[in-house]
Amino acid sequence: MAHCYWHDALAGAAAGDLVTLTGEEAHHAAVVSRMRRGERVLLSDGAGVLAEGVIDRAEREGVHVVLQEVRVVPAPSPRIGLAQALAKGDRAELAVQASTELGVDAIVPWQARRSVVQWKGERGEKSLDRWRKVVREAGKQAIRARLPEVGAAVDTAGLAALAEDWQLLVLEPTASVSILEVPIERDALLIVGPEGGIDLGELEALEAAGAVPVRMGEHVLRTSTAGLAGIVALSARLGRW
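Residues numbered from 1 in each chain as written. Predicted model: local features only at pLDDT ≥ 70, side-chain atom pairs only at ≥ 80, totals over all residues. Heavy atoms only, no water.

### Let's talk about the overall build of the chain
Right, on to step 1. In terms of regular secondary structure, the chain is built from six helices and eleven strands.
Right, on to step 2. Viewed in the frame of its principal axes, the chain has a C-alpha envelope of about 60 × 40 × 30 Å.
Right, on to step 3. In the chain, which comprises 241 residues, the share counted as buried stands at 47%.
Right, on to step 4. If you take every contact in the chain between residues at least 6 apart in sequence, the share linking residues at least 24 apart comes to 70%.
Right, on to step 5. Roughly 12,000 Å² of accessible area belongs to the chain as shown, and the carbon and sulfur atoms make up 49% of that amount.
Right, on to step 6. The chain carries 27 positive and 33 negative side-chain charges, and their two centres are separated by 5 Å. (Helix = DSSP H or I, 4+ residues; strand = E, 2+ residues; numbered from the N terminus. Buried < 20%, exposed > 50% of the residue type's maximum accessible area, 1.4 Å probe, protein only. Contact = heavy atoms within 4.5 Å. Areas by Shrake-Rupley, 256 points an atom, 1.4 Å probe, with all protein chains shown as cover. Lys, Arg positive; Asp, Glu negative; His and termini not counted. Charge placed at Lys NZ, Arg CZ, Asp CG, Glu CD.)

### Points about the packing of aromatic side chains
Right, on to step 1. Tallied over the full model, the rule gives one aromatic pair.
Right, on to step 2. When the centroid spacing of 5.0 Å and the interplanar angle of 75 degrees are considered together, the rings of Trp 119 and Trp 131 count as edge-to-face. With Trp 119 in the loop between strand E7 (106-110) and helix H3 (121-141) and Trp 131 in helix H3, the pair connects residues that are twelve residues apart, well separated along the chain.
Right, on to step 3. Judged by relative accessible area, which is 3%, Trp 131 ranks as buried. (Phe/Tyr/Trp six-rings, centres within 6.5 Å; stacked < 30°, edge-to-face > 60°.)

### Considerations on the UniProt feature "domain: Ribosomal RNA small subunit methyltransferase E PUA-like" (unreviewed entry) in the chain
Right, on to step 1. Under the present numbering, the feature "domain: Ribosomal RNA small subunit methyltransferase E PUA-like" (unreviewed entry) in UniProt falls on residues 21-67.
Right, on to step 2. Counting secondary structure, residues 21-67 comes out at 21% helix and 45% strand; the distance between its end C-alpha atoms is 12 Å. (UniProt positions renumbered as here; feature names shortened; annotations may be inferred.)

### What about the packing of helix H2 (residues 91-102) against helix H6 (residues 223-237)?
Right, on to step 1. Where H2 meets H6, the axes come as close as 8 Å, and the angle between the chain directions of the two elements is 15 degrees. As the angle between them shows, H2 and H6 are arranged roughly parallel. In this structure, H2 meets H6 at a crossing whose hand is right-handed. Seen from H2, the contacting residues are Arg 91, Ala 95, Ala 98, Ser 99 and Leu 102; seen from H6, they are Thr 223, Ser 224, Leu 228, Ile 231 and Val 232.
Right, on to step 2. In terms of residue class, the contact of H2 with H6 is built from six nonpolar, three polar and one charged. (Axes fitted to C-alpha atoms, helices over the stretch in contact; angles between N-to-C directions. Parallel < 35°, antiparallel > 145°, perpendicular 65-115°, else oblique. Left-handed = near helix turned anticlockwise from the far one by under 90°. Nonpolar A, V, L, I, M, F, W, Y, C, P; charged D, E, K, R; others polar.)

### Section: the nonpolar core
Right, on to step 1. Membership of the largest hydrophobic core comes to 27 residues, with the highest contact counts inside it found for Ile 107, Trp 131, Leu 169, Leu 171, Ile 179, Leu 190 and Leu 234.
Right, on to step 2. Residue assignment for this core shows that the elements contributing at least two residues are strand E6 (80-85), H2, H3, strand E9 (167-171), strand E10 (188-192) and H6.
Right, on to step 3. Among all residues touching Ile 107, those that are not within four sequence positions of it are Leu 82, Val 96, Ser 99, Thr 100, Trp 131, Val 135, Pro 148, Glu 149, Val 150 and Gly 151.
Right, on to step 4. Grouped together as the second largest cluster of nonpolar side chains are 19 residues, Ala 106, Trp 110, Leu 159 and Ala 163 included. (Core = buried A, V, L, I, M, F, W, Y, C linked by side-chain atoms within 4.5 Å.)

### Brief notes about the sheet that holds E6
Right, on to step 1. Overall, parallel pairing links the six strands, which are arranged E8-E7-E6-E10-E9-E11 in an open sheet. Each of the sheet's edge strands pairs with one partner strand only, and the pair in question is strand E8 (149-150) and strand E11 (212-214).
Right, on to step 2. With two bridges joining them, E7 and E8 adopt parallel strand pairing. Bridging across to E8, Ala 106 finds its partner in Glu 149.
Right, on to step 3. In the packing of H6 onto the sheet, the strands contacted are E6, E9 and E10, and the crossing angle to E10 comes to about 155 degrees. (Pairing = 2+ DSSP bridges.)

### Regarding H6
Right, on to step 1. Here H6 contains 15 residues, and its C-alpha end-to-end distance of 22 Å stays within 8% of the 21 Å for a straight helix at 1.5 Å per residue.
Right, on to step 2. What H6 keeps buried is the set Thr 223, Ser 224, Ala 226, Gly 227, Leu 228, Gly 230, Ile 231, Ala 233, Leu 234 and Ser 235.
Right, on to step 3. Trailing H6 by a residue or two, Gly 239 shows a phi angle of about 75 degrees, which is positive. (Expected span 1.5 Å × (residues − 1).)

### What about the side chain of Ser 224?
Right, on to step 1. Relative to the elements of secondary structure, Ser 224 occurs in helix H6.
Right, on to step 2. Overall, Ser 224 belongs to the buried group, its relative accessible area being 12%.
Right, on to step 3. Apart from residues no more than four positions distant in its own chain, Ser 224 is found in contact with Arg 91 and Ala 95.

### Some points on the side chain of Gln 84
Right, on to step 1. Tracing the backbone through its elements, the reader meets Gln 84 in strand E6.
Right, on to step 2. Classification of Gln 84 as buried rests on a relative accessible area of 0%.
Right, on to step 3. A distance of 2.9 Å separates polar atoms of two side chains, one belonging to Gln 84 and the other to Thr 223.
Right, on to step 4. Excluding its chain neighbours within four sequence positions, the residues that come into contact with Gln 84 are Ala 92, Ala 95, Val 108, Pro 109, Trp 110, Trp 131, Val 192 and Thr 223. (Polar contact = N/O pair within 3.5 Å; in protein donor to acceptor, adjacent residues only side chain to side chain.)

### So, the layout of surface pockets
Right, on to step 1. The computed volume of the largest pocket comes to approximately 610 Å³.
Right, on to step 2. Listed by contribution, the elements that provide at least two residues to the lining of the largest pocket are H2, E7 and E8.
Right, on to step 3. Per-class residue counts for the lining of the largest pocket are 21 nonpolar, five polar and eight charged.
Right, on to step 4. Along the wall of the second largest pocket there are 19 residues; nearest its centre are Leu 171, Pro 173, Val 220, Leu 221 and Ala 226.
Right, on to step 5. Split by residue class, the lining of the second largest pocket holds ten nonpolar, five polar and four charged. (1 Å grid on protein atoms, 1.4 Å probe; cavity = no way out; pocket = protein on both sides within 12 Å on 5 of 7 lines; lining within 4 Å. Points joined across faces, edges and corners; volume = space filled by probe spheres on them.)

What follows is the structure, given as structure tokens:
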């Protein structure tokens, strides 16, 4: 399988064009992977363009690639989003990484009432940057043409406000409706609570905004795996797999 690298200026590119990888991407290709002239690579801009090319020259300062094929991958419809409650340790980051590999289209960090972790000030900015870096690396591994957007962290009121643009589905073990039964009418946002579960007041606020609680089987899943199972279920239902 060809290596995949990010290049932010692929919009409008065509077969025969020469593009240059620089910075970390060039270092990884030329030094870490030791790629050489004639080797095949894939390039993505994370915004829908996926290109295949052949290395013309590989140096630490820049890797020059001649494009052979360029295609634009349309955005899926309806989209699948993930509102992931902040969690301690690396659980939330694992969810972000795996959901990117599974094809999620948007990620919303949720500062839930029971979240042990608090994103405030400089720590919040660094944590958000870390999530975005995780998404970028996971997208490269999965060879994604489109990266999920990672929005700023929201509280429960901000999450409820997203009902204007998304169909909100709360992953709740006590729900009476299965995720396989609820009609998907538009872009769907899966909401995953923190380790201690979603606070009852928050659940009521989300339901008041139109959110629908849905269950996934008989077992209680961790905050790091619940969203992944939901993405798989919706992907299969929507014919994305």
